[in-house]
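What the coordinates show
These are the residues of each chain, in order.
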Number of protein chains: 2
Amino acid sequence: MLPFSTQRTEAQSGRITPEMEIVAAQEYLDPEFIRKEVAQGRLVIPANKIHMEKGLNPAGIGIACRTKINANLGNSPISSGMGCELAKVNCAIQCGADTVMDLSTGEQINEIRQKIIDSVQVPVGTVPIYQVVEELEAVKDMRPVDFLRVIEQQAKQGVDYMTVHCALLREHLPLVEKRTLGIVSRGGSLVAQWMAIHQQENPFYTHFSEMCEILRAYDVTWSLGDGLRPGCLADASDEAQFAELKVMGELTLKAWEMGCQVMIEGPGHIPLDQIEMNVKNQMEWCHGAPFYVLGPLVTDVGAGYDHITSAIGGTLAAYYGVSMLCYVTPKEHLGLPNLQDVRAGVIAHKIAAHAADVARGRVHARDVDDQMSRARAEFDWEKQFSLSFDPETARKMHEESISETESPHEYCSMCGPKFCSIRNSRAALRLNKNGEQERDSV
Amino acid sequence: MLPFSTQRTEAQSGRITPEMEIVAAQEYLDPEFIRKEVAQGRLVIPANKIHMEKGLNPAGIGIACRTKINANLGNSPISSGMGCELAKVNCAIQCGADTVMDLSTGEQINEIRQKIIDSVQVPVGTVPIYQVVEELEAVKDMRPVDFLRVIEQQAKQGVDYMTVHCALLREHLPLVEKRTLGIVSRGGSLVAQWMAIHQQENPFYTHFSEMCEILRAYDVTWSLGDGLRPGCLADASDEAQFAELKVMGELTLKAWEMGCQVMIEGPGHIPLDQIEMNVKNQMEWCHGAPFYVLGPLVTDVGAGYDHITSAIGGTLAAYYGVSMLCYVTPKEHLGLPNLQDVRAGVIAHKIAAHAADVARGRVHARDVDDQMSRARAEFDWEKQFSLSFDPETARKMHEESISETESPHEYCSMCGPKFCSIRNSRAALRLNKNGEQERDSV
């Protein structure tokens, strides 16, 4: 066996790594506390040693930290080239994405990935089965040697975390038949096809230990993929979903034993009233490993606005203990996002993550809200713009609305001067105090 | 005293009005159940008799009904004319607004209002103090006779519900001094100014019975305004807010006694973890009168995206029992909304209301989601568009994304054909079943 050390093994040996120090500083938390959380598996620091050498700025994903958000990017076989994808990656990070996943399935798959890893300082994730299948004529031709090679190749490139659908078993397939929408995970549906064709168990399940050996050598973090996440409200919290989640719990223990860091992917489409239960089940069955959810979307009919249906579910999920939200863009269910969609998706989920951080009382989370409120009280428009998630848009909207008037510093076009509540409120309080003082002095 | 009958008095007399019948049909509920809810004050049907004659389609606002959403419209002294405001009203209703409030404070205030009432079939609300103050040189000149006249005039025009800030008392003003952002309600800040100048109690509080007499003559529904709603997270759930809410509870009983229908306006800016408590307090202190909230916004830093910060809070509020959400547009805190902002605001809050209705298990609420899921399973794109909140936008986004390929009916540009999970899932299940049957037959 190759010698290895991961954030997990270091933490378990009582050592605080430089990465833990950085995360502690980012989160205003004690390094020793971070170490303990990593040792217990409640916090991961996806930091491939090769990406660290290339300048990765590590981030902590776990219940003790600020809620993180991920942006999925990457071309598909029928859309988008390298320049365009890199522009989206940069836009996502500029808007505040904490990690990015390169989900390319089209051409130049290795080149795009390497370019992304080399140029960004945030953790990068992938779904290796996309490349495996891309390189084959059909999914049925996939052999264990193929995906072990691709996983190693991607690990060597510096990928920080990988999604593999290891927990979807043959015995789950009959449970899927009851569903309205079947399997909506791309990776999950490929694994299901392979199992159905070969009438054999999921090869990612049977070769889990071999993959753990590769991942831990680079300290690539597991992101155990939820191949059976519900794709609609009707399928939410069903037998298939929870059967897979329980297998993810088993694999978490196995990966931990082998020294790997683990997070768990989650749904999907979930009605609001089932979100808390879903998060609690994951925490219990997966032993506290960080939960990383896609949405959840709280309705199926949000096409064109699914960044909002997802931000609603995501806020609540994060409030109940989810550690990372995968963004969803307005184009979800309709097509690949363009630059504007990426921006809208990232900002909606930054809002969700922040709202949850405030509600959970995370250290200093509300500071920016309080600064904003003071800036509003003082009509300090410049400060208001700079404290917004998207200063450029906020400024543009404000300027649009005042274009017809002469620089109204102490009111805006929502109310005009006579009806400005902040002006009037201030005047009222001043007058009331004076009045009371006069009365007292009589 | 003039003779009068309102939905409330009719319900209390055991009579089911035509309006109750209509609401029952809309909500898939029993008319007798609707009558009971109206009698108990948990449901209002804002239907001014004059607007009914002009073709109002009445709507029920209460915990037993689908969550409603309101769109605020109207010009301000420094922006927008009549044509533009009417276009916004029509856009809001087309996108699904269940009621509209005309908050005009600029010119042509009577003409705009009459035009809106005459042309829309949804309930129309106003905030009469805007007109009172508009017609005076300054708020200090306001006399009870002025606002009683304006309220009667607006009632005669057919306004279905009116917001008056009756519950903000002089004793509350010192509580406001502790706040970061003071009073952010336009009406509330005007009332506060009047009280401070005259060193007298809120005239809307002292003349409450006279206003009740006018309102019940037309069956205008009270919307007791929350002059002290928190305008930032730092001020949420403070003494000032809850002191006013308790007075609203007193006034609810008084208005009920006089035969009026009542709903209660609510916040504002509230962190996610305080929303449930806020809704519970309102229900208890205001004796179950329907709660109508503005947002709540779950962070202060969403400028440019406050339709999202509001939709997040609104979903949760509605889930806990709020009956109507007032929309917030992306321009909130920045300027008056344009047509595109109105659309974005309405749709975000339709999503919020619908997600809450699904989570509360309201009758038939989830039907549209299930239809959408089946349409997705069948690659029925036309049906998917038609079931969306905004078919036009959904279609446009989808068409953008397929423009480079030849009409891909059974996949979209998100994944392409090889990676389409729905195709692959279907193939996998078919194969798996065949495989099992073959095995069984061996």
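Residues numbered from 1 in each chain as written. Chains lettered and ligands numbered in written order. Predicted model: local features only at pLDDT ≥ 70, side-chain atom pairs only at ≥ 80, totals over all residues. Heavy atoms only, no water.

Here the focus is the interface of chain B and chain A. Each partner contributes residues to the interface: chain B has 116 residues there, and chain A has 116 residues. In total, about 9400 Å² of surface goes out of reach between chain B and chain A, with carbon and sulfur atoms giving 66% of it. At the surface where chain B touches chain A, the tally comes to four salt bridges. In this structure, glutamate 400 of chain B engages lysine 331 of chain A in a salt bridge whose closest nitrogen and oxygen atoms are separated by 3.1 Å. (Contact = heavy atoms within 4.5 Å. Buried area = accessible area lost by both parts, 1.4 Å probe. Salt bridge = Lys/Arg side-chain N within 4 Å of Asp/Glu carboxyl O.)

Attention now goes to the nonpolar core. Core analysis: the biggest nonpolar cluster contains 232 residues, and Met211 and Trp222 of chain A together with Met211 and Trp222 of chain B have the highest contact counts within it. Setting aside chain neighbours within four positions, we find methionine 211 of chain B in contact with Phe147, Leu148, Ile151, Val164, Cys166, Phe204 and Trp222 of chain B. (Core = buried A, V, L, I, M, F, W, Y, C linked by side-chain atoms within 4.5 Å. Buried < 20%, exposed > 50% of the residue type's maximum accessible area, 1.4 Å probe, protein only.)

Any segment with low pLDDT has predicted coordinates that should not be analysed in fine detail. In the predicted model, chain A carries a mean pLDDT of 93, and 95% of its residues have values of at least 70. Confidence metrics for the complex model read pTM 0.96 and ipTM 0.95. (pLDDT = per-residue confidence, 0-100.)

Taken as a whole and judged by the stated rule, the model has 44 salt bridges over all chains. When the shortest N-O distance is used, the salt bridge between lysine 54 of chain A and aspartate 118 of chain A registers 2.9 Å. Here lysine 54 of chain A is found in the loop between helix H4 (49–53) and strand E2 (61–62), whereas its partner aspartate 118 of chain A is found in helix H6 (residues 109–119), with 64 residues between them in sequence. The class of lysine 54 of chain A is partly exposed, set by a relative accessible area of 40%. Of the charged contacts in the structure, one is a salt bridge between glutamate 37 of chain B and arginine 42 of chain B, with a shortest N-O distance of 2.6 Å. Looking at glutamate 37 of chain B, the relative accessible area reads 5%, which means it is buried. Within this structure, Lys331 and Asp341 of chain A together with Glu400 of chain B form a network of salt bridges that share partners. (Helix = DSSP H or I, 4+ residues; strand = E, 2+ residues; numbered from the N terminus.)

Before going further, it helps to spend a moment on helix H17 (residues 367–377) of chain A. Buried within H17 of chain A are the following residues: Asp369, Asp370, Met372, Ser373, Ala375, Arg376 and Ala377 of chain A. Positioned one or two residues after H17 of chain A, phenylalanine 379 of chain A has a phi angle of 50°, which is positive.

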